Amino acid sequence: MKRIYLDHAATTPMRPEVIEEMLPYFREKFGNASTLYFYGRQAKEALNLARERVASVINAEASEIVFTSGGTESDNFAIAGVAWANQKKGRHIITTSIEHHAVLNICKFLEKRGFEVTYLTVDGYGLVNPQDVKRAIRKDTLLISVMHANNEVGTIEPIEEIGEIAKEKGVYFHTDAVQTFGHIPIDVNKLNVDLLSVSAHKLYGPKGVGCLYIRKGTRIAPFLYGGDQEDKRRGSTENVAGIVGFGKAAELAKEEMEEEIKRLIPLRDRLIKQILEKIKYSRLNGHSTKRLPGNVNISIEFVEGESMLIQLDMKGICASSGSACTSSILEPSHVLTAMGVPAEAAYGSLRFSLGRDNSSEDIDYVLEVLPGIAENLRAMSPLYQERKNKE
Ligand SMILES: *Cc1c(COP(=O)(O)O)cnc(C)c1O
């Protein structure tokens, strides 16, 4: 069966160029980058090139990039690392209620260890108000963490404005850029961020590798205590092949970003517009323009997202309801709940995340099958029959 992959926010397929670039590092270029002879130097050089490539996507210095095992580690590292190293200043952290669990759960852990966390709420579009951030800052605030774009609803947050406030108040600022790195432009200096998390598998690179950007001079405790790797911030022999793949993916993303944005936005907007036209009682979740180029998140009332996913899968379409990490639990998404989406609509949420391999025909196919799936499932809903009879 032909499969149409529309879940690029969960993970992306590796690009052939990335795999090609990695292969020698599984074979003849197997060295440990901490050794001094030929193989070690070869591996070290590969790490240096990858570091340059990754840094250049966000206008950072190569020395400000620490390679990690991915987005979750980078988020944990940024938040716990800054918390442990700056406790003398205070024990207060500001974040939002729509963050990825990689941020929310390290914050919950720190709360059990004597830190205080403020979870800011968002408006109906999922937007954080920079003035709320400003008002929440206290003398003992040591870190602000607000994601660059939300992985479920695609809302792009006003990071530049928040960064200005953080800088003015002298508070460290972290952003989870896992959904934006390589997808929309990022300049760490323009955004005034001190720490920024990235994961390679969200930009057509390998799984299990990512990085944390750490602005020069930031006080942060190491994440792993071991050898001298990664500037003594993360002991452990580097994942050379993975990092090489990450570097290649970053380079390609930088080159092609502008064109890919121009290609995806019309596809995204057509899918949104036509779903809303074709399916009654459906709504868009998130903002119409402050939105990731590939993100479509809609709620279809009187049906469960999960049931639609199963039906879509039978037609060869891979999509998501809420986020992949929570979709095994039948609870409405914490993001939609924070945005004030009513439970009936939150249960019927569907996310399509478009990527490089999607064409206009893929969108046509979704539009061809989705209305029928919704209608069939709704036929079993007494609430839907009631609503229809009222009209
Ligand atoms: C996927 C994702 C993560 C987790 O990244 P992993 O590399 O899978 O650990 C963190 N934050 C956001 C916003 C994500 O989309």
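In this text the structure is predicted, and so the values were computed from the model without any measurement. (Residues numbered from 1 in each chain as written. Predicted model: local features only at pLDDT ≥ 70, side-chain atom pairs only at ≥ 80, totals over all residues. Heavy atoms only, no water.)

In spatial order, the strands read β9-β10-β12; together these three strands make up an open sheet with antiparallel pairing. Of all strands in the sheet, those bounded by a partner on one side alone are β9 (282–284) and β12 (349–353). Each neighbouring strand pair of the sheet contributes to a mean axis angle of 25°, computed without reference to strand direction. Taken together, the three bridges between β9 and strand β10 (residues 295–300) define a ladder with antiparallel strand orientation. Along β10, the bridge assignment pairs Ser-282 with Ile-300. The strands that helix α9 (residues 240–278) touches are β9, β10 and β12; relative to β10, the one it contacts most, it runs at about 10°. Sheet contacts for helix α10 (residues 305–314): β10 and β12; angle to β12, the most-contacted strand, approximately 45°. (Pairing = 2+ DSSP bridges. Helix = DSSP H or I, 4+ residues; strand = E, 2+ residues; numbered from the N terminus. Axes fitted to C-alpha atoms, helices over the stretch in contact; angles between N-to-C directions. Contact = heavy atoms within 4.5 Å.)

Pairs of packed helices are described in terms of their axes, by the angle between the two and the distance that separates them. Contact pair helix α3 (residues 71–85) / helix α4 (residues 101–112): the axes reach a minimum separation of 8 Å and the direction vectors enclose 30°. As judged from the angle between their axes, α3 and α4 are roughly parallel. Pair α3 / α4 crosses with right-handed handedness. Contacts from Thr-72, Asp-75, Asn-76, Ile-79, Ala-80, Ala-83 and Trp-84 of α3 reach α4 at Ala-102, Val-103, Ile-106, Cys-107, Phe-109 and Leu-110. Looking at the contact of α3 with α4 residue by residue, the classes come out as 10 nonpolar, two polar and one charged. (Parallel < 35°, antiparallel > 145°, perpendicular 65-115°, else oblique. Left-handed = near helix turned anticlockwise from the far one by under 90°. Nonpolar A, V, L, I, M, F, W, Y, C, P; charged D, E, K, R; others polar.)

Split into domains, the protein chain comes out as domain 1 (4–10 + 257–390) and domain 2 (16–253). Here the C-alpha centroids of domain 1 and domain 2 sit 29 Å apart. Listed per partner, the contact involves 27 residues of domain 1 and 31 residues of domain 2. The contact between domain 1 and domain 2 buries some 2400 Å² in all, and 60% of this surface belongs to carbon and sulfur atoms. Our count for the domain 1 to domain 2 interface comes out at zero salt bridges. Put simply, the parts of the chain that give the side of domain 1 that touches domain 2 at least two residues each are α9, β10 and α11 (334–338). Class assignment of the residues belonging to the side of domain 1 that touches domain 2 gives a composition of 11 nonpolar, 12 polar and four charged. (Domains from an automatic or database assignment. Buried area = accessible area lost by both parts, 1.4 Å probe. Salt bridge = Lys/Arg side-chain N within 4 Å of Asp/Glu carboxyl O.)

Burial along strand β2 (residues 65–68) is two-sided: the residues Ile-65 and Phe-67 and Val-66 and Thr-68 are all buried. For β2 and strand β8 (residues 210–214), the ladder comprises four bridges, and the chain directions are antiparallel. Bridging across to β8, Phe-67 finds its partner in Cys-211. (Buried < 20%, exposed > 50% of the residue type's maximum accessible area, 1.4 Å probe, protein only.)

Let us now look at unusual backbone geometry. Here Asn-192, not a glycine, exhibits a phi torsion of approximately 55°, which is positive. Tracing the backbone shows Asn-192 in the loop between α7 (188–191) and β7 (195–199).

Right, let's talk about the sheet that holds β8 for a bit. Reading across the sheet, the seven strands line up as β2-β8-β7-β6-β5-β3-β4 and stay open at both edges, with mixed pairing between neighbours. With partners counted over all chains shown, the strands left at the sheet margins are β2 and β4 (116–120), one partner each. Along the sheet, successive strands turn relative to each other by an average axial angle of 20°, direction set aside. Of the strand pairs in this sheet, strand β6 (residues 172–176) and β7 are connected by three bridges, and their pairing is parallel. By the bridge assignment, Thr-175 is partnered in β7 with Leu-196. Where α4 meets the sheet, it contacts β3 (92–96), β4, β5 (141–145) and β6, and its direction lies at approximately 145° from that of β4. The strands that helix α6 (residues 159–169) touches are β5 and β6; relative to β6, the one it contacts most, it runs at about 160°.

With that settled, the discussion passes to α10. Gly-305, Met-308, Leu-309 and Leu-312 are the residues of α10 that are buried. Across the axial projection of α10, the buried residues extend over an arc of 105°, all falling on one side. Structural note: α10 exposes Ile-310 and Met-314 on the side pointing more than 90 degrees away from its buried face. Among the structural elements, β10, β11 (317–318), α12 (343–347), β12 and α13 (360–378) are those in contact with the buried residues of α10. Positive backbone phi, at 85°, marks Gly-316, one or two positions downstream of α10. (Arc of directions from axis to C-beta.)

We now examine the site of the ligand. Every one of the 13 residues lining the ligand counts as a neighbour, but Thr-72, Asp-176, Gln-179, Ser-199 and Lys-202 are closest to it. At 2.9 Å from an oxygen atom of the ligand is found a side-chain nitrogen or oxygen belonging to His-201. When the ligand sits alone it has 390 Å² of accessible area, and the protein chains cover 86% of it. The greatest single-element share of the shell around the ligand, amounting to three residues, is contributed by α3. Among the residues forming the shell around the ligand, the class breakdown is two nonpolar, eight polar and three charged. (Near = heavy atom within 4 Å. Polar contact = N/O pair within 3.5 Å; in protein donor to acceptor, adjacent residues only side chain to side chain. Areas by Shrake-Rupley, 256 points an atom, 1.4 Å probe, with all protein chains shown as cover.)

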